[in-house]
Amino acid sequence: MKAPSYLWDILASGGVWYNVCVLFLSLMQHTNAQRRSYYGRRGHMSSTAPGPNMCRVLEVIGTRQKFFTSCVAKHLNVICERPTHVRWECCPGFRKKRGKQGCTEEKPLGNLLDTAHELNLNQFHSYAKGHDTLSNELKSHGPYTIFGPSDEAFRNAPEDIKREISDTNSTLLMYHVAPGRLNISLQRQRNLEFVSIVNGGIIRLNKYAYGVSTVNCARIIRRDQLATNGVLHTIDKVISPKDLNVTLAERVFSDERFSQFQLALYVSGMLKTLKQRRRSITVLAPTDAAFAKLPKDVLDRILSDASTAEKVVRRHIVKGVTCADAVVVSMGLKTLDGDRLLFRCKKNGLRVNKANVISQDKVAYNGVLHSIDTVLLPDSVKKASELMHDMRLDKFLKLAREAGLNDTIDNEDITLFTPSNKAIERLPAPYLAALSKEPLKMKRMLKYHIANGRLSESSLVGDTSLATKAGKDKIKVNIYRNGIRLDKAALRSYPRQCRNAIIHEIDKVLIPPEETFEDILTNDTDLSTFASLYKSLRLEDELSDGTGYTLIAPTNRAFERLDPRSWRKVTGDPERIKQYVHRHIINRMVLKCSVPEKGVYGINSRQGDETEFSIDTIDRVVINKHSNCKSDDMLAANGVLYKVDHVLPCSCERTMRTKRGQYINSHRYRRLG
């Protein structure tokens, strides 16, 4: 594929489109290279090498980074949000032979010094050759393991390191050499420390996901290059024994950017953790500028209250050593407070949750330090409004503030059942408009989402009701196999606990029911026949104990289908009326969401006969296979009501017939139009 000429014209002219064209052209070129590498004569993609003894190399487009297949998983098409390009090259120890496909000529092993030169570690080779003792050791003795910095690593090294390494009397280069032959691919341990050949200097090796390995947080670019007297690994930084001569506490207290974090360490009593030499940790140290972004009351509590300070400091300490190069996409970190952080590699740098990493890989004897620009507050020190903002529950929070519930939300010990933003958006616009004109109703609706005390998910009990800040209005709690329901709303995720509240996210807005069963029956003229039967039994007080019931209410037309003479016999006997009404009541709330899409939900009625709920092909509730619900579950103050087009058959009235003479207990009793 050839790039169109007009793209080259735009590129030559410069301007806004320059970077776009560079990326497009590079992608086209890399696509061509990939096609030549991956596709065989038949034109299909091949996962095998185009020739013998060839190894894959991942190149990150737009950078100079290379990842060899022995170091990074093959399936990574993106590293740090940048696309990768795959090319093939000769595996270590092989070279191309003219006229042959692949790399067929095997090179004899040389000593470590010659191997370094062969791997284009020219600066390392030059410095080592000029150091008589080291040169002699790498030529004739061993075995040794070398961590050889690349030429680019030497170019990017700090000036003091460059000056030291150019001194022929310096032992800095020797620090990169360890006795023995360490083959990294054979090491099962993820964390390993071993001693350099100079002054017993410690070198720390860490292995991570995707096959990435580091030494003192320098990434091993290429590993396990064999020599006659050892093995050589190419790294991307020059490492120094001085880095591991200090603890993390000394790292933090030697940097004036961390004065607020230093004070938090003193107040919390956590300074000893950063001094311990027997444990390995990663510290995410917020700068003073990060602390300055906090609200004043939060900052004062962190710097004066020991408990708050400890919670915050523990949030910034991660178990184990996590170097910056370990993150090629993202990885989870477990902090000392038991929570988890997400460490992500972005195109413009590293991020930990919402914080940017502004400096990285300050290694110490007991771990590594990264500085960040945002304080990572644990939920336990946040106010409920702050945590709701973090959980993206802003729409409910805005309504609560407008209703004057700020003090309740941030200062009282409560449980919040908070609808998601999408749940609030699904509310009918006329309903919201009407509420906004009646502040008391709006406040009642919002308070209906707030319960006293802190209620975890595990403390909720089915077939009960929860008292709310809305006074007499209570939330019905029901537990099904597919989860917990509060009225008709489902808990969406695990709750989060802040300083004064537990916050549960729910998928529907909780609307306090205005009507009881009796009110609904009275107000619906299509249910007048059943309403008269229900009222005659005076059941309203009995069904208002807060448990929650299901009422199946047949329409007037359903009763009109019955044989008048047999029906008059029923209505003339109070006991038979009671049995028949109880046939249509269930001592539990059966919500539509609890009915499986395939299968039935079976439960006995108050009278004793089994009632089966199912869902038909048009997403409508069907009861006992023939009674179609004319409405979805309607929430009432004492349960849920279904309006159906059939009277339910009852074992208490086996001789009940329709006008057509069919027994309603028979299988022929069907919908009659």
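Residues numbered from 1 in each chain as written. Predicted model: local features only at pLDDT ≥ 70, side-chain atom pairs only at ≥ 80, totals over all residues. Heavy atoms only, no water.

**Q** Tell me about the sheet that holds strand 23 (residues 464–468), and please be specific about residues and values.
**A** If you walk across this open sheet you meet the 4 strands as 23-24-25-26, and the pairing is antiparallel. In this open sheet, the two edge strands, each paired with only one partner strand, are strand 23 and strand 26 (489–490). Here 2 bridges tie strand 25 (residues 483–486) to strand 26, and the two strands are oriented antiparallel to one another. By the bridge assignment, Leu486 is partnered in strand 26 with Ala489. (Pairing = 2+ DSSP bridges. Helix = DSSP H or I, 4+ residues; strand = E, 2+ residues; numbered from the N terminus.)

**Q** Describe the sheet that holds strand 15 (residues 317–319), with residues and values.
**A** Reading across the sheet, the 7 strands line up as 15-14-20-19-18-17-16 and stay open at both edges, with mixed pairing between neighbours. At either margin of the open sheet sits one strand with a lone partner, and together these are strand 15 and strand 16 (330–334). Each neighbouring strand pair of the sheet contributes to a mean axis angle of 30 degrees, computed without reference to strand direction. Taken together, the 6 bridges between strand 14 (residues 281–286) and strand 20 (residues 367–372) define a ladder with parallel strand orientation. Opposite Val283, over in strand 20, you have Leu369 as the bridge partner. (Axes fitted to C-alpha atoms, helices over the stretch in contact; angles between N-to-C directions.)

**Q** Just give me the short version of the packing of helix 12 (residues 296–304) against helix 13 (residues 306–315), but keep the residues and values in it.
**A** The interhelical angle for the contact between helix 12 and helix 13, taken along N-to-C directions, is 95 degrees, at an axis separation of 6 Å. On the basis of the axis angle, helix 12 is roughly perpendicular to helix 13. Along the contact surface, helix 12 presents Arg301, Ile302 and Ser304, while helix 13 presents Ala306, Thr308, Ala309 and Val312. Here the contact of helix 12 with helix 13 is composed, by residue class, of 4 nonpolar, 2 polar and 1 charged. (Parallel < 35°, antiparallel > 145°, perpendicular 65-115°, else oblique. Contact = heavy atoms within 4.5 Å. Nonpolar A, V, L, I, M, F, W, Y, C, P; charged D, E, K, R; others polar.)

**Q** An account of the state of the cysteines is requested, with residue identities and associated values reported.
**A** Taken as a whole and judged by the stated rule, the model has 5 disulfides. Residue pairing for Cys90: its cysteine sulfur links by disulfide to Cys103, the two sulfurs lying 2.0 Å apart. Handedness of the Cys90-Cys103 disulfide follows from its S-S torsion of about -85 degrees: it is left-handed. Note that Cys90 is positioned in strand 4 (residues 82–90) and Cys103 in the loop between strand 5 (94–95) and strand 6 (105–106), a separation of 13 residues in sequence. With respect to class, Cys90 is no different from Cys103; both count as buried. Here Cys650 pairs with Cys652 through a disulfide, and the sulfurs are 2.1 Å apart. Taking the torsion about the sulfur-sulfur bond, which here is approximately 125 degrees, the covalent link between Cys650 and Cys652 counts as right-handed. A residue is classified by how much of its surface remains accessible, and Cys652, at 28% relative accessible area, is partly exposed. What connects to what in the protein chain, once the bonded cysteines are numbered by sequence position, is 1-4, 2-8, 3-5, 6-7, 9-10. Free of any disulfide, Cys593 has its nearest cysteine sulfur in Cys629, 14 Å distant. The exposure class assigned to Cys593 is partly exposed, which follows from its relative accessible area of 28%. (Disulfide = S-S within 2.5 Å. Buried < 20%, exposed > 50% of the residue type's maximum accessible area, 1.4 Å probe, protein only.)

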